[in-house]
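Remarks on the overall topology
The primary structure of each chain is shown beneath.
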Amino acid sequence: MNEVFKLLAEGERLNESQMAEILGMSVEEVEAQLEALKKEELLLGWIPVLNPEKDDSLAVRAAIEVKITPERDGGFNRLAQRISRFDEVESCYLMSGGYDLHVVVKGSSLHKVASFVSERLSTIEGVLSTATHFMLRAYKEQGYLIEQPAEDKARLDVTP
């Protein structure tokens, strides 16, 4: 497996020089592996992990459970791809269980998200129902704890 990919999967964003030093490679080798990851579409991009508790201007987010009718030749794929193309959609996952798609949506207000769901998402042919859950507070985002009281910042006790 690509050594740069293994390093990226561990978490922290490092620049090419730092990666080269850690892996014992040249910067050029790291850059070549990064390009290979992009070409293979394994590395799709970099996103910052923002603390929603610190920035009031951040958008409203909602998790939407969507039940859809699978199509004869495409199953869930065509509808999932269509839903994924909306600008409001951050993520779209095929799920097992009580609903088919888990869609994460963002908008500038509760009203904008609700309007998107009622006017655009739920009106798509093949969408049977939606259940919208507005995200009220984040405790962990992309593997990062958002806020911890000072006394809880130490490692958790491990008992045998």
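Quick summary incoming for the structure in this document. (Residues numbered from 1 in each chain as written. Predicted model: local features only at pLDDT ≥ 70, side-chain atom pairs only at ≥ 80, totals over all residues. Heavy atoms only, no water.)

Considering the nonpolar core
How we decide: Only buried residues count toward a nonpolar core, which is a set of Ala, Val, Leu, Ile, Met, Phe, Trp, Tyr and Cys residues joined through side-chain atoms within 4.5 Å. Relative accessibility thresholds used throughout: buried, under 20% of the residue-type maximum; exposed, over 50%; partly exposed, between the two (1.4 Å probe, protein chains only). For helices the rule is a DSSP run of H or I covering at least 4 residues; for strands it is a run of E covering at least 2, with both sets numbered from the N terminus onward. Any two residues having at least one pair of non-hydrogen atoms within 4.5 Å are treated as being in contact.
Membership of the largest hydrophobic core comes to 19 residues, with the highest contact counts inside it found for Val66, Ile83 and Val103. When contributions to this core are tallied by element, the ones reaching two or more residues are β1 (60–68), α4 (77–84), β3 (101–107) and α5 (110–121). Tallying contributions element by element places β1 first for this core, with five residues. The contacts of Val103, once residues within four sequence positions are left out, are Ala62, Ala63, Ile64, Val66, Ile83, Val89, Ser91 and Cys92. Judged by nonpolar contacts, the second largest core, of nine residues, contains Val4, Met19, Val30 and Leu43.

With respect to the packing of aromatic side chains
For the record, the criterion: The criterion for an aromatic pair is that two Phe, Tyr or Trp rings (for Trp, the six-membered ring) have centres within 6.5 Å, with stacked assigned to planes under 30 degrees apart, edge-to-face to planes over 60 apart and tilted to the rest.
A full pass over the atoms with the stated rule returns one aromatic pair. Judged by centre distance (5.2 Å) and plane angle (80°), the rings of Phe86 and Phe116 are edge-to-face. Of this pair, Phe86 sits in the loop between α4 and β2 (89–94) while Phe116 sits in helix α5; the two residues are 30 residues apart in sequence, bridging distant segments of the chain. Relative accessible area serves as the criterion here: at 16%, Phe86 is assigned to the buried category. Phe116 sits in the buried class, given a relative accessible area of 3%.

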